[in-house]
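Examining the three-dimensional arrangement
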Amino acid sequence: SNGQVIPYAALEQRANRGAHALRQLGLKNGDAVAIASDNRPEFFDVYWAAQRAGLVLVLLSARFKTDEIAYIVNDSGAKVVLISDAMAATAQDCVAQHDTMPNVAHFVSIGVVDGLSDWNALCAAQRGNRRPHGLFCWHRGAAKGPEIRLRLRQSGAGKPDRRDVRRILWIWAGHGLSLPRAVVS
């Protein structure tokens, strides 16, 4: 964590643009998108963008090798895989072994990786002034464990209720996920 603070307004705008970028990649409500990332602010962008677009977010460890990524991606049915530039070699291996992940339509890098579309560039190209339909969080463990569904309440200011944000962070911590620090203001 670099101690970066993300104000709610900035997170709102980035998540909205990200949701439009995911829709532009051909994802529809209920489709799965997988992310393998180190701790970085873009993780929050992808998480909230997937939720806004009504997508299932599949979390992959940044330590996974290509065959492990392929197994979980195939099991989840993910159509888009986002991979951090810290995993550039793994990302390029995934692209080279694309035939082992037949459902994947796009590999996207978070940061610059040769041969992959860049998440930040995709988001920057979006107008993002309309809210996509669908706003739910769905998680099912890789071992087909129980699913967790969250619906966010809206506070009077149109922001997610702080209790929901705390609950989501608590669920992440319960799954042993390490996240960058963010402040929702």
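Before any of the text, the structure's been laid out above.
First, a word on scope: everything that follows refers to the structure included in this document.

Rules and cut-offs
Residue numbers restart at each chain and count upward from 1, following the sequence in its written direction. The predicted origin of the model limits local features to residues at a pLDDT of at least 70 and limits the giving and counting of side-chain atom pairs to 80 or more, whereas totals for whole chains, interfaces and linings rest on all residues. Side-chain descriptors were evaluated using all non-hydrogen atoms of the structure, hydrogens and water having been removed beforehand. Helix numbers and strand numbers start at the N terminus; a helix is a DSSP run of H or I with at least 4 residues, a strand a run of E with at least 2. Partly exposed residues are those whose accessible area sits between 20% and 50% of the maximum for their type, while under 20% is buried and over 50% is exposed, using a 1.4 Å probe and protein chains only. In what follows, residue pairs with any heavy atoms lying within 4.5 Å of each other are defined as contacts. For every accessible area listed, the method is Shrake-Rupley and the probe measures 1.4 Å; residues are considered covered only by the protein chains on display. Buried residues of nine kinds, namely Ala, Val, Leu, Ile, Met, Phe, Trp, Tyr and Cys, make up a nonpolar core once their side-chain atoms join them within 4.5 Å. Any pair of N or O atoms that falls within 3.5 Å is considered a polar contact. Within protein, one atom must be able to donate a hydrogen and the other to accept it, and sequence-neighbouring residues count only if both atoms are side-chain atoms. Only strands that DSSP links by at least two bridges are regarded as paired with each other.

Remarks on the overall build of the chain
Within the chain, the secondary structure is distributed over six helices and seven strands. Looking at the 185 residues of the chain, the share that counts as buried comes to 44%. When contacts within the chain are restricted to residue pairs at least 6 apart in sequence, those whose partners lie at least 24 apart make up 70%. With an accessible surface of roughly 9500 Å², the chain has 52% of that area assigned to carbon and sulfur atoms.

Re the nonpolar core
Generally speaking, a soluble globular protein has its nonpolar side chains buried in company with each other. In this structure, Leu22, Val33, Leu82 and Trp119 are the most contacted members of the largest nonpolar core, which totals 27 residues. Of all the secondary structure elements, the ones that give two or more residues to this core are helix H1 (8–24), strand E1 (32–36), helix H2 (42–52), strand E3 (80–84), strand E4 (106–110) and helix H5 (119–124). Sort the elements by how many residues they give to this core and H2 lands first, with seven residues. If we skip the residues at most four places from it in the chain, Trp119 touches Gly18, Ala21, Leu22, Glu42, Asp45, Val46, Ala49, Leu82, Val108, Ser109 and Ile110.

Some remarks on the side chain of Ser84
The topology assignment puts Ser84 in strand E3. Polar side-chain contacts of Ser84 include one of 2.6 Å to the side chain of Asp38. At 3.1 Å, the side chain of Ser84 forms a polar contact with the backbone nitrogen of Ala86. Those residues within four positions of Ser84 in sequence are excluded, and the remaining contacts are Ala36, Ser37, Asp38, Arg40 and Ile110.

Quick word on the sheet that holds E3
If you walk across this open sheet you meet the five strands as E2-E1-E3-E4-E5, and the pairing is parallel. Edge positions in the sheet fall to strand E2 (56–60) and strand E5 (117–118), since each has one partner strand and no second. As paired elements, E1 and E3 share four bridges and run parallel to each other. In the strand pairing of E3, Ala36 is matched with Ile83.

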